[in-house]
Amino acid sequence: MLRDKFPILGEKVYNRQLVYLDNAATTQKPVQVLDAIGYAYTHFNANIHRGVHYLSRIATEEHEKSRLEVANFINAKSAKEIIFTKGTTDSINMLAFAFGEGYINEGDEIIVSQMEHHSNIVPWQMLCERKKAHLKVIPLTDDYTLDIKAFEQLITEKTKLVSVAHVGNVLGVENPVEQIITIAHRYAIPVLVDAAQSIARLKTDVQSLDCDFLAFSGHKVYGPTGIGVLYGKEKWLEALPPVEGGGEMIEHVSFGKTTFNTLPYKYEAGTPDFIGSFALAEALRFVRQTDIETISSHEQNLTRLMLEQLQDIKGVKVYANKATVPCGVVSFNVYSNGKLIHPFDVGVLLDHQGVAVRTGHHCAQPLMEVLGVPGTVRASVALYNDEGDIDIFVSALKKAVEMLV
Ligand code: PLP
């Protein structure tokens, strides 16, 4: 059984079977990923690229094979377009710095959306402050989707970059990134896709999307923490300056002048996480073997079920687009006589029944402002969840609501 491949799912919390519905925050790891970490440390732990000895050569080969696995997974044209980072946040910060240095001047504009995670807002805000540029924001419609007409109206000759999530981490809305990219490219504006939530849920094909950049984290796609990816079209990565200086990213160093390494090494200063890349590649193989379309439709079924059942619970307000099923993520709040019960209280009562959900602003405070709430309760599924999990969650929520309302 698929669940048996995830040892942590056998854990008991407060003497109850764990029901893990916090997958948008991080996913659990299958045995093959856990084993890959142990295998790498046991069989080829040695610093890569610089060594002539056997272990170092194997470690280097594995790191580069992992890069190729990532490139294949997202259908990049070349492994040179894959930069290993610490995660989505690191990838976006890296791009904000490189792009900012190379292409942003006073008065320029960057566009994000109202539903972004802080990590796709704050790095751009910091860049705007450094360069006296402006951050513009695509608004949401009343139905929790991005207002594409408004987006087009935000574009001016000063717009230099658009950065949007493929799937929102609070609402689970799949954004029309292809349409956004087509519109932006009409004005020759590059687009970054934040794929943190979509990478484990939707097929990612950077060539057919035609995005200029894409970022994701290993830990949200059944891989380890501390490793992630920044994809960039080769022409962009060639043109942008390096971000961090140090070992590996150089071609030659002298006190007079330093020249930089070729792609992708120019962006990978210092010893990379070659154990993490090996385990990430294993996670991506796991997703490929399981098949992303199968994962997608399984998660859709569970999400639909969750939505249907939540709608029947008195006092529960769900924040979801009515026309589509959200991508694996459902946000809601509980109200008593029109008064919001703090999501934290709901989360604690669920936790005590063995159900792990996330509560709070989900690193999306601007979106919370739009929704007019301090936070939400968020339940998010992964490929190992099943209808039994949803049943336990729903009956635990009913009990919590009885106590709170
Ligand atoms: N972007 C989105 C849409 C996310 O959901 C998250 C994490 O929840 C991030 C970015 C940041 O990811 P990380 O913390 O792995 O860097």
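The structure presented is a predicted model; accordingly, all values stated were derived computationally and were not measured.

Draft legend 1. Up close: helix α2 (residues 54-73). For α2, which comprises 20 residues, the first-to-last C-alpha distance of 29 Å matches the rise-based estimate of 28 Å (1.5 Å per residue) to within 8%. Those residues of α2 that sit buried are Ser56, Ile58, Ala59, Thr60, Glu62, His63, Ser66, Arg67, Glu69, Val70, Ala71 and Phe73. Summarising the contacts, the buried residues of α2 are in contact with β4 (82-85), β9 (213-217), β10 (228-232) and α9 (274-290). Directly beyond the C-terminal end of α2, a positive phi value near 55° is found at Asn75.

Draft legend 2. Representation of the pattern of salt bridges in the model. Within this structure, the stated rule accounts for 17 salt bridges. The salt bridge involving Arg186 is made with Glu152; its shortest N-O contact spans 3.1 Å. Separated by 34 residues along the polypeptide, Arg186 in helix α6 (residues 177-186) and Glu152 in helix α5 (residues 148-154) bring together distant segments of the chain. Relative accessible area serves as the criterion here: at 57%, Arg186 is assigned to the exposed category.

Draft legend 3. Just the domain arrangement of the chain, in detail. Assigned domains of the chain: these are domain 1 (2-26 + 292-404) and domain 2 (32-289). Of the residues lining the interface, 41 residues belong to domain 1; the matching set on domain 2 comes to 28 residues. Between domain 1 and domain 2 the total buried area reaches about 2700 Å² when both faces are included, carbon and sulfur atoms providing 58% of it. Between the two partners, domain 1 and domain 2, sit one salt bridge. At the boundary of domain 1 and domain 2, one finds 18 residue pairs in polar contact (both at pLDDT 80 or more). Listed by contribution, the elements that provide at least two residues to the side of domain 1 that touches domain 2 are α10 (292-311), β13 (316-319), β14 (329-336), α12 (365-371) and β18 (376-380). Sorting elements by how many residues they give to the side of domain 1 that touches domain 2 places α12 first, with six residues.

Draft legend 4. Representation of the packing of α10 against helix α13 (residues 387-404) in the model. At a closest axis distance of 10 Å, the pairing of α10 and α13 adopts a crossing angle of 20°. By the angle between their directions, the pair α10 and α13 is classed as roughly parallel. Here α10 runs over α13; the crossing is right-handed. Residues Leu302, Leu305, Met306, Gln309 and Leu310 of α10 pack against Glu387, Ile390, Asp391, Phe393, Val394 and Leu397 of α13. In the contact of α10 with α13, the residues fall into eight nonpolar, one polar and two charged.

Draft legend 5. Broad picture of the side chain of Glu116. Of note, Glu116 is situated in the loop between β5 (109-113) and α4 (122-131). As a buried residue without a salt bridge, Glu116 has its nearest oppositely charged side chain in Arg378, at a separation of 12 Å. At a separation of 2.8 Å, a polar atom in the side chain of Glu116 contacts the side chain of Asn120. Among the polar contacts made by the side chain of Glu116, one reaches the main-chain amide nitrogen of Ala165 at a distance of 3.0 Å. Setting aside chain neighbours within four positions, we find Glu116 in contact with Ile121, Ser163, Val164, Ala165, Cys363 and Ala364.

Draft legend 6. Representation of the site of the ligand. By nearness alone, every residue bordering the ligand is listed as Ala24, Thr88, Thr89, His117, Ser119, Asn169, Asp194, Ala196, Gln197, Ser217, His219 and Lys220. Contacts to the ligand include Gln197, whose side-chain N or O atom sits 2.7 Å from an oxygen atom. Split by residue class, the shell around the ligand holds two nonpolar, eight polar and two charged.

Draft legend 7. Seen up close, the pairing of β18. When you tally the buried positions in β18, you get five out of five residues, the bulk of the element. Neither face of β18 is exposed, since Thr376, Arg378 and Ser380 on one face and Val377 and Ala379 on the opposite face are all buried. The sheet contact formed by strand β17 (residues 358-360) and β18 spans three bridges and is antiparallel. Residue pairing for β18: Gly360 is matched across the bridge by Thr376.

Draft legend 8. Representation of the packing of aromatic side chains in the model. On inspection of all chains with the given rule, the structure shows 15 aromatic pairs. Their ring planes at 75° and their centres at 5.6 Å tell us that Phe6 and Phe286 sit as a pair that is edge-to-face. In this pair, Phe6 sits in the segment before β1 (12-13) while Phe286 sits in helix α9, placing the two residues 280 residues apart along the sequence. Ring geometry for Phe99 against Tyr103: centres 5.2 Å apart, planes inclined by 25°, an arrangement best described as stacked.

Draft legend 9. Fine view of the nonpolar core. Core analysis: the biggest nonpolar cluster contains 74 residues, and Ile74, Val162, Leu171, Leu214, Phe216, Val221 and Tyr222 have the highest contact counts within it. Each of domain 1 (2-26 + 292-404) and domain 2 (32-289) gives at least three residues to this core. Ignoring anything within four residues of it in the chain, the contact list for Ile74 reads Ile82, Ile199, Thr204, Asp205, Val206, Phe216 and Tyr231. In this structure, Val19, Ala320, Phe393 and Leu397 belong to the second largest nonpolar core, which totals 28 residues.

Draft legend 10. Looking closely at unusual backbone geometry. Cis peptide bonds are those with omega within 30 degrees of zero, and the linkage from Leu263 to Pro264 qualifies with 0°. Positive phi, normally seen in glycine, also occurs at Tyr14, with a value near 45°. For Tyr14, the location among the structural elements is in the loop between β1 and β2 (16-17). With a phi close to 55°, Cys363 is a non-glycine residue in the positive phi region. With respect to the secondary-structure elements, Cys363 resides in the loop between β17 and α12. Residue Cys363 is classed as partly exposed on the basis of its relative accessible area of 32%.

The rules behind each value
Residues numbered from 1 in each chain as written. Predicted model: local features only at pLDDT ≥ 70, side-chain atom pairs only at ≥ 80, totals over all residues. Heavy atoms only, no water. Helix = DSSP H or I, 4+ residues; strand = E, 2+ residues; numbered from the N terminus. Expected span 1.5 Å × (residues − 1). Buried < 20%, exposed > 50% of the residue type's maximum accessible area, 1.4 Å probe, protein only. Contact = heavy atoms within 4.5 Å. Salt bridge = Lys/Arg side-chain N within 4 Å of Asp/Glu carboxyl O. Domains from an automatic or database assignment. Buried area = accessible area lost by both parts, 1.4 Å probe. Polar contact = N/O pair within 3.5 Å; in protein donor to acceptor, adjacent residues only side chain to side chain. Axes fitted to C-alpha atoms, helices over the stretch in contact; angles between N-to-C directions. Parallel < 35°, antiparallel > 145°, perpendicular 65-115°, else oblique. Left-handed = near helix turned anticlockwise from the far one by under 90°. Nonpolar A, V, L, I, M, F, W, Y, C, P; charged D, E, K, R; others polar. Lys, Arg positive; Asp, Glu negative; His and termini not counted. Near = heavy atom within 4 Å. Pairing = 2+ DSSP bridges. Phe/Tyr/Trp six-rings, centres within 6.5 Å; stacked < 30°, edge-to-face > 60°. Core = buried A, V, L, I, M, F, W, Y, C linked by side-chain atoms within 4.5 Å.

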